[in-house]
Amino acid sequence: MALVSHPPSASHHRRCHHHHLHLHLQPPLITRRTAYQRLNSSISQTTSLLQTNTSTKCQPPLLQQLTSLCQSKESLPQALTLLLQENPRHEQRKEAIGLLLQACGRYQDIETGREVHRMVASSTLFHNDAVITTRLITMYSTCGSPLDSRLVFDGLEQKNLFQWNAMVSGYSRNKLYEEALRIFIELVLTTEFKPDKFTSPCVIKACGGISNVGLGQGVHGMNVKLGLLGDVFVCNALIAFYGKCGLVDEAVKVFDYMSEKNLVSWNSIICVFAENGFTQEGLGLFRKMIKCEENLVPDVASLVTILPVCAGEANLEMGMVLHGLAVKLGLNQELKVKNALIDMYSKCGFLSRAKFLFDKDSNKNVVSWNTMLGGLSTQGDTSGTFNLLREMQLEGREKANEVTILNVLPVCLKKSELLCLKQLHGFSIRHGFHYGDLGANAFIAAYAKCGLLSYAQHVFNGMETKTVSSWNALVGSYAQNGAPGKALEFYLQMINAGIEPDRFSLGSLLLVCSNLKSLRFGKEIHGYLIRIGLETNTFIVISLLSLYIRCGKSASARVLFEEMEDKSLVLWNALLSGYSQNELPDEVLVLFRQMLSDGIQPDEISINIVVGVCSQLSALRLGKEAHCYALKAYLVEDTFVGCSIIDMYAKSGCMEQSRRVFDMSRDKDVASWNAIIVGYGLHGDGKEALGLFEKMQEFGQKPDGFTFVGILMACCHSGLVEEGLKYFNQMQNFHGLTPKLEHYACVIDMLGRAGRLNESLKLVNEMPDEPDAGIWSSLLSSCKTFGSLDIGTKVAEKLFELEPNKAENYVLLSNLYAGSGKWDDVRRVRQKMKEIGLQKDAGRSWIEIRGKVHSFTAGNNSCTGSQQMKNIWRRLEEEIRKIGYKPNTESVLHELSEDEKMEVLRRHSEKQAICLGLLRTSKGETLRINKNLRICVDCHNAAKLISVAVEREIVIRDNKRFHHFKSGFCSCGDYW
């Protein structure tokens, strides 16, 4: 083993140009030396052909006839008859039997092979002949009958190494890897034969087949001792073995150690990189192979290995280069290459080219049809997929198989395609594919994704043999579709049926615990996973992270995460998402910085989460940094990332930048339009939002439910009541969309803000769904604004029925009484809050300065620089009093003196944030402040006048909308 780690010689590096890669594939230049080599090669091939023809002519007539008959499967019985009729000399007969056995193996004609075997067995000359018996063992194994091979082998009086090798090879060829290893061990322990270069590749393949790394490494060490590492076939087998076991470094060591590399060696190492996710390295090695001075010319295996890499990376440019190379090499007509090209073009989104190659191919096999069907299905082309499936059936040359069904299924996974799914299921039943484990499991999952769990269970019930995969499909379907109780019920049935759960079963069970928020049961499963050694499996760890996060145990999730030695990007994203879901934005940002410092490159999901957190915090500077990173990493073209960035700028108060990102987006889908419309709605720019809505339809985009949430929100914040009602009616009558709870909430809030409380209450009573607490809370807030005590008290009763233990609801009712001067009722409500143990949420504001977020709480002056801020506010108050500021003490809903009320107003959190912003930012810089509650009238009036006094724009985002204060005016037009 130690020998393998030796570095290759310097001459080898010079030969392969390891350090001088170019980006584009080019055919090697035809130098004089190359031309001479090719001429010699051509002469050699011609000479070889002449020798072959001469050899055939020199053969005796019987062997000539047999050689001719052995060229097709149909003629093999005739060849056997000829051999039985003739009575050639011993050597000719032996050669003839060997020819016929090779042909039987090649064409898998086991019946003719058995007849030859009977003839051999009846002959005293050949029944124990070493060459003939070796050919018999090989023939049976090639025909897929290793049992017959073993019977021949066991019947031998004496065995040589060739016969042992034939048995090892036969078992390995038939994927009976454990049998191959048993007979190999028997060879080593019971005979004096030493394994040779023919034994080792088959044994190494068997080690890879059962993924036994330790045994494979032992065989590797034995090959070192036997001096077999100089054989290219042994090394090629080792490369493939290490690649299959995921030990890429070990495969590279073997490859680098090889003094002689053939095309198979290069193909094997490229395959190792490609199959283990190192796609760029695989492409790089392909370039190196092309440039090596050995003048290796890619073959079918090379192209079939490298084209899927381009498909997986969606690297259309490189795929087209390889297509050109295939044409130059004359390999583009090879069926395997054509199928790989169709697959590459399909997965790169170039379906028209894939279809052109497919239609042009007159020699299609079932793989060709399945590949094209998979391409159309993945792209969501329902009609194209089913039309091609019908064409396949009408043509009749190639019959659909289970893979055909699996490739068509992706186009049927939406509820709108349920009819197509049922048609495909019927087709599957008619052709008998529903009996297969893979097909039935796929239909269970498909029906579940379409929301038809009863159909999924019906498919499951119809299965004769239910494997652990079948149970997993059903349990997972219920777990993922909001039926954790049913999932648990079927899991217990699986256990009672004696089926041992695997990691997928346990992953689904953890999902059940997450949905039920059953931390205790989840911990028990975690303990069981530790006992069986599955706690470090990536799939399981993600499920455990989800469990702890959903149960509010973010610290436990972090401990579990830190214990993982190999933290994949998926794990980082899972924890980032968990922190975001648990409203821990600061932890998200800390973890994201740690992720970058650890050298993990974020993907679209990571950036989406971080940009979303910046939206929550209105952290503009951090959001800009995330945007810059997304630009550098070419992630902004992703629809979700683009929408998140539009949303982030909008929620950070930068509608100009939000609009710029939107305008620069190449492909604007409905989600992009929704994001920008909602942005303008938050900023109260109803006219711009409505203009975009009309423009969206002109561009052929169909509005959805989210679009109308944005439109109704824009009308609500802009006071465009009549327009809002018009669009609400259009949504139902013109666009055919059924309003949901969120649409009614917007309209009720819109009517309430306009003082049309009776209409608002009428809509609440007429809506088809039961109003939630948010709707009643919005209506109570409107009652407080307009002093409607009668309606307000009735609304409060409804609200307390739904949320009896929420402090905000009692505060709203208390403020309603206070605004009407009902101080006895105010005291009664506040006493009720004390008895329940509720406390009013303090007003909190925060401002981001140079990437750091500073937070302030109403009435708390203990922050750094508070004396300076008091002095700034004192000077500001003097300035704004000169231009009309008069403290609005009605905003203080407490029984206090006027002076005490004025002091309370001075300590409001947004005023503190404004002071710090003025203290620590440059002159003229816009101040961007966030507040957790609705801004009061006094702070609103003060902010308008401060914008005049300091000649700055101040942007405040409260819990309802944005307020842009500039030159004494607010963007809300005092309507909020």
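Residues numbered from 1 in each chain as written. Predicted model: local features only at pLDDT ≥ 70, side-chain atom pairs only at ≥ 80, totals over all residues. Heavy atoms only, no water.

### What about the pairing of strand β3 (residues 927-931)?
- Burial analysis of β3 places four of its five residues in the buried class, the great majority of the element.
- Here strand β1 (residues 844-849) pairs with β3 via three bridges, running antiparallel. Along β3, the bridge assignment pairs W846 with N930.
- Two elements, β3 and strand β4 (residues 954-957), share four bridges in a ladder whose sense is parallel. When the bridges of β4 are listed, N930 appears paired with R957.
- Tracing the backbone out of β3, into helix α52 (residues 937-949) and back to the parallel element β4 gives a crossover that is right-handed. (Buried < 20%, exposed > 50% of the residue type's maximum accessible area, 1.4 Å probe, protein only. Helix = DSSP H or I, 4+ residues; strand = E, 2+ residues; numbered from the N terminus. Pairing = 2+ DSSP bridges. Right-handed = clockwise from strand over helix to strand, strands pointing away.)

### Regarding unusual backbone geometry
- Even without glycine at this site, K175 takes up a positive phi of about 60°.
- Of note in the backbone geometry, K517 takes a positive phi value of approximately 55° without being a glycine.
- As for its position among the elements, K517 is in the loop between α29 (503-516) and α30 (519-531).

### Side note on the pattern of salt bridges
- Under the definition given, this model contains 33 salt bridges.
- With a shortest N-O distance of 2.7 Å, K338 and D361 are connected by a salt bridge. Of this pair, K338 sits in helix α19 (residues 335-347) while D361 is found in the loop between α20 (351-360) and α21 (366-378), placing the two residues 23 residues apart along the sequence.
- Linking E877 and R906 is a salt bridge whose minimum nitrogen-to-oxygen distance equals 2.9 Å. (Salt bridge = Lys/Arg side-chain N within 4 Å of Asp/Glu carboxyl O.)

### A closer look at the sheet that holds strand β5 (residues 962-966)
- Strand order in the open sheet formed by six strands is β2-β1-β3-β4-β5-β6, and the pairing between neighbours is mixed. The sheet is open, and its two edges are formed by β2 (852-857) and β6 (969-970), each paired on a single side.
- One ladder, built from six bridges, connects β1 with β2; its direction is antiparallel. Looking at the pairing, S845 lines up with F856 of β2.

### Details of the confidence of the model for the chain
- A residue-level look at the chain finds 93% of positions with pLDDT of 70 or above and a mean pLDDT of 86.
- Least confident of the elements in the chain is helix α1 (residues 10-16), whose mean pLDDT is 36; most confident is helix α9 (residues 161-173), at 95.
- Within the model, the stretch residues 1-58 combines pLDDT values under 50 with 56 contacts to residues more than four positions away or in other chains. (pLDDT = per-residue confidence, 0-100. Contact = heavy atoms within 4.5 Å.)

### Structural notes on the pairing of β5
- Across the five residues of β5, four count as buried, placing the element largely inside the fold.
- Relative to β5, β4 is paired through four bridges, and the arrangement is antiparallel. Across the sheet, R957 pairs through a bridge with F962, a residue of β5.
- Of the strand pairs in this sheet, β5 and β6 are connected by two bridges, and their pairing is antiparallel. Counterpart to K966 in the pairing with β6 is F969.
- If you look at the hairpin formed by β5 and β6, you'll find two residues sitting between the two strands, and S967 has a positive phi there, around 55°.

### So, a negative patch on the surface
- Residues E890, E898, D899 and E900 make up a contiguous surface patch of negative charge.
- Relative to the helices and strands, E890 is located in the loop between α49 (866-882) and α50 (898-906).
- Judged by its relative accessible area of 67%, E890 is exposed. (Patch = residues over 30% accessible without salt bridge, like charges linked within 9 Å, V, L, I, M, F, W, Y side chains within 5 Å. Areas by Shrake-Rupley, 256 points an atom, 1.4 Å probe, with all protein chains shown as cover. Lys, Arg positive; Asp, Glu negative; His and termini not counted. Charge placed at Lys NZ, Arg CZ, Asp CG, Glu CD.)

### Remarks on the environment of E766
- By the secondary structure assignment, E766 is in helix α44 (residues 757-766).
- Taking the relative accessible area as the measure of exposure, E766 reaches 53% and is therefore exposed.
- Separated by 474 residues in the primary sequence, E766 and C292 place their C-alpha atoms 79 Å from one another.

### Observations regarding the packing of aromatic side chains
- The tally for this structure, following the rule as stated, stands at 17 aromatic pairs.
- Between F358 and W369, the ring centres sit 5.0 Å apart and the planes meet at 85°, which makes this aromatic pair edge-to-face. In this pair, F358 is assigned in helix α20 and W369 in helix α21, connecting sequence segments eleven residues apart. Side by side, F358 and W369 carry an identical accessibility label, which is buried.
- Measuring from ring centre to ring centre gives 5.5 Å for F728 and Y744, while their planes differ by 75°; the resulting arrangement is edge-to-face. Taken together, the residues span a long stretch of sequence, with F728 in helix α42 (residues 721-733) and Y744 in helix α43 (residues 741-753) at a distance of 16 residues.
- Judged by relative accessible area, which is 7%, F728 ranks as buried.
- Chaining the aromatic ring pairs together yields one cluster made of F662, W673 and F699.
- Sitting above the plane of the F460 ring, K466 keeps its charged end 5.3 Å from the centroid.
- The ring of F662 carries the charged tip of K668 above its face, separated from the ring centre by 5.4 Å. (Phe/Tyr/Trp six-rings, centres within 6.5 Å; stacked < 30°, edge-to-face > 60°. Lys NZ or Arg CZ within 6 Å of the ring centre and 35° of its normal.)

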